[in-house]
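One-letter residues, chain by chain:
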Amino acid sequence: MARAQSGKAARSVIREMGHTASDSEMPLKYSWGKAFPLGVSQADGGLNFAIFSQDASSVTLCLKLPERGTQNDAEIVEFALDRQKNKTGDIWHVSVEGLPASGVLYGYRINGPQGWQQGHRFDDSVILLDPYAKLVSGRKYFGVDKEEPSQFFGTYDFDSSPFDWGDDYRLPNLPESDLVIYEMNVRAFTADESSGLVPAVRGSYLGLIDKIPHLLELGVNAVELLPVFEFDELEFKRFPNPRDHMVNTWGYSTINFFAPMSRYASAGGGPVAASKELKQMVKALHNAGIEVILDVVYNHTNEADDANPYMTSFRGIDNKVYYMLDLNNNPQLLNFSGCGNTLNCNHPVVKELVLDSLRHWVKEYHIDGFRFDLASVLCRGPDGSPLDAPPLIKEIAKDSVLSRCKIIAEPWDCGGLYLVGRFPNWDRWAEWNGQYRDDIRRFIKGDPGLKGVFATRVSGSADLYQVNNRKPYHSVNFIIAHDGFTLCDLVSYNSKHNDVNGECGRDGCNDNYSWNCGVEGETNDLIVRRLRSRQMKNFHVALMISQGTPMMLMGDEYGHTRYGNNNSYGHDTHINNFQWGQLEERKDGHFRFFSEMIKFRHSHPILKRDRFLSKNDVTWHEDCWENQESKFLAFTIHDHNSGGDIYLAFNAHEYFVDAVIPSPPHHKSWSRVVWILSDPAKMFILSNLLFDPMMLKLLLPYSIVYCKCSVVFTWSG
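Residues numbered from 1 in each chain as written. Predicted model: local features only at pLDDT ≥ 70, side-chain atom pairs only at ≥ 80, totals over all residues. Heavy atoms only, no water.

Caption draft 1: Expanded view of empty space enclosed by the protein. Using the criterion set out here, one finds 5 cavities of 30 Å³ or more in the structure. Looking at the largest cavity, its volume works out to about 120 Å³. Asn185, Leu553, Met554, Arg562 and Asn576 are the residues nearest the centre of the largest cavity, which is lined by 13 residues in total. Residue composition of the lining of the largest cavity, grouped by class: 6 nonpolar, 5 polar and 2 charged. (1 Å grid on protein atoms, 1.4 Å probe; cavity = no way out; pocket = protein on both sides within 12 Å on 5 of 7 lines; lining within 4 Å. Points joined across faces, edges and corners; volume = space filled by probe spheres on them. Nonpolar A, V, L, I, M, F, W, Y, C, P; charged D, E, K, R; others polar.)

Caption draft 2: Molecular detail of the sheet that holds strand S21 (residues 549–553). Strand order in this closed barrel of 8 strands is S12-S13-S14-S17-S18-S19-S20-S21, and the pairing throughout is parallel. Pairs of neighbouring strands in the sheet enclose a mean axial angle of 25°, with direction left out of account. Relative to strand S18 (residues 406–409), strand S17 (residues 369–372) runs parallel, the two sharing 4 bridges. Bridged to Gly369 within S18 is Lys406. Along the sheet, helix H4 (residues 271–287) contacts strand S13 (222–225) and strand S14 (291–296); its crossing angle with S14, the most-contacted strand, is approximately 135°. (Pairing = 2+ DSSP bridges. Helix = DSSP H or I, 4+ residues; strand = E, 2+ residues; numbered from the N terminus. Axes fitted to C-alpha atoms, helices over the stretch in contact; angles between N-to-C directions. Contact = heavy atoms within 4.5 Å.)

Caption draft 3: Quick look at the environment of Phe258. As for its position among the elements, Phe258 is in the loop between S13 and H4. The sequence separation of Phe258 and Lys87 amounts to 171 residues, and the corresponding C-alpha distance is 24 Å. Those residues in contact with Phe258 that lie beyond four places of it in its chain are Pro131, Tyr132, Ala133, Lys134, Leu353, Asp356, Ser357, His360 and Trp361.

Caption draft 4: Summary view of the pairing of strand S24 (residues 646–651). S24 sits mainly inside the fold: 6 of its 6 residues count as buried. Neither face of S24 is left uncovered, since the one carrying Ile646, Leu648 and Phe650 and the one carrying Tyr647, Ala649 and Asn651 both have all their residues buried. As paired elements, strand S23 (residues 632–637) and S24 share 6 bridges and run antiparallel to each other. When the bridges of S24 are listed, Ile637 appears paired with Ile646. (Buried < 20%, exposed > 50% of the residue type's maximum accessible area, 1.4 Å probe, protein only.)

Caption draft 5: Molecular detail of the pattern of salt bridges. Enumeration according to the criterion identifies 31 salt bridges in this entry. A salt bridge links Arg139 to Glu233, with the nearest nitrogen and oxygen atoms 3.2 Å apart. Taken together, the positions of Arg139 in the loop between strand S10 (135–137) and strand S11 (153–157) and Glu233 in the loop between S13 and H4 put the pair 94 residues apart, joining distant regions of the chain. Of the two residues, Arg139 and Glu233, neither departs from the other in class, the shared state being buried. Salt-bridge contacts for Glu230 lead to Arg263; the nearest nitrogen and oxygen are separated by 3.0 Å. Of the two residues, Glu230 sits in the loop between S13 and H4 while Arg263 sits in the loop between S13 and H4, which places them 33 residues apart along the sequence. With relative accessibility at 0%, the residue Glu230 sits in the buried group. We classify Arg263 as buried; its relative accessible area is 3%. Through salt bridges that share partners, Arg139, Glu230, Asp232, Glu233 and Arg263 make up one connected network. (Salt bridge = Lys/Arg side-chain N within 4 Å of Asp/Glu carboxyl O.)

Caption draft 6: Seen up close, the pairing of S17. The alternating pattern of S17 places Gly369 and Arg371 and Phe370 and Phe372 on opposite faces, both of which are buried. Sheet topology places S14 next to S17; 4 bridges connect them, and they run parallel. Looking across to S17, one finds that Leu294 is bridged to Phe370. You can see the chain leave S17, run along helix H7 (residues 391–398) and come back into S18, and the turn it takes is right-handed. (Right-handed = clockwise from strand over helix to strand, strands pointing away.)

Here it is in structure tokens:
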């Protein structure tokens, strides 16, 4: 039975299965439909709608038709599915003839058992979003809270021609060992006025295309995009709370796992435009030789907890299936994500949802890889207990469609499951190496007793990853990521300053291993500012010479500050937005250094090996490993293919160190690449520059290595 209803009128029109409507404006015909594929598909002259719900007692398809008014006030046509005819197993389905091939909005009302103690949360007063909707329609413009309503509907587009990827288009297919990853936010990259883009393009997929030349000049060859799945950036404004002044600009609150963020389309173009423009962006990046990795959030959704639920989809479709529940506690949602709920990823239905989602992004959008947020959640069973061989993790590793993709785990969660170096991997999964981040930070800021650990980290973290067939590139090395201090703030603040977040400073990590170089925050003290500049460069040198896959954060190439906020997820302002004016001011200094170091890494294969260093690959110029007070480390990496050895030295002491520089091979001479002196004005960034032999004699056999500095030499013929 179908019913047409409007918020302004209580009329309804009954429609029998198999008969067309009497209303000539809406000639719809309903038939049984089929169970697969889930979502909306074209079939038998109509459109097939299919949705899973194991525990539902009734399912009603709700349609908003474009000819029946504007999106906000259009009449909703409802069709109640017959559980005898429109249900196969746990799949509810119906075929509808007479619908337009695009522009229709749809959702479902679902009812079922009301037993809270059994884990059910059904409420058929809410129109729910289809988990398999490939496009989602909501508000048009990012962060505009005057738009009404905040209801999200699924939609589809069978009118548009397939996207033209081009005859000469090729996937970059870069070896994992060659990657230099740039973590970035699509919106924040160009949202600021300083981007120079017209307002309609700022903060969009098209805006990123305009700035590809900057990425090429910097030298990165992969972008890791903060979430671009549909999310509700205004979720904090649903009810009065200490965070209701903020906008979720990071996007770690997924509404749907198949649809691109519609408000990243230019000029408020909507979901169809967002899909097309995202493909244009991927195509442009690929044509520039840059891979696209998506940060994906399968550990939780936007639907919050049982205290303040935000029912939009999964909760009302089948809460007991989609989420982990504490069956011994009324059964409340388990929370290993820190966001109120935890997706039940290893349930067969949810597992297939995740796999279908990943395949969709690879096949439809040509995505090159995925970074899985709080991936340890994906290693838990339905009751939250850790699994030795998580089915979802294994199937992602073994899936044929995903076989060309980079797969990267954030190997921890908010429930204490810390799996750095131990993430179930099937020799395919890479990991964000949180141990690398912490150890590099501590050594370079001058903590004692870390020289040996620092050596282990820069040489590939073999203690963590030299197992079975894992490679050095399975360690994604990073010092800075979106979550935490920027690089500038790491050397400018001893503690977080998060009061503007509205949580009285309780949010954000307390263990930052940072050092303010003598003054907390902004300062005009030139000595402090020079030291901070040197420290940022020291961190970047360490990152770029380390074995493994380096990842840097957007904005660190010019020294972006968030003024000590280490959890800036809710600020759609200059706190997060790339400042293009500052980049121009620092182009010849800070930026040039960062760019040259990246290019130095690209041009020296021995810095990106696909095997761990052996005794013959490195010489450690060290005889006091047991000295806990020693903060000086020097070593030479050998190139057995005559490409040139690299000598490196790091001094984290606050005094100068005299270091012996080894003699170069016969007929070779050393070339100074990096020499970070106490006075930045005297710093050299001279890649592959051959020094006058007489000058080299002055450097050998001893060279003063300045306090808080790093030095790099190569030899050439």
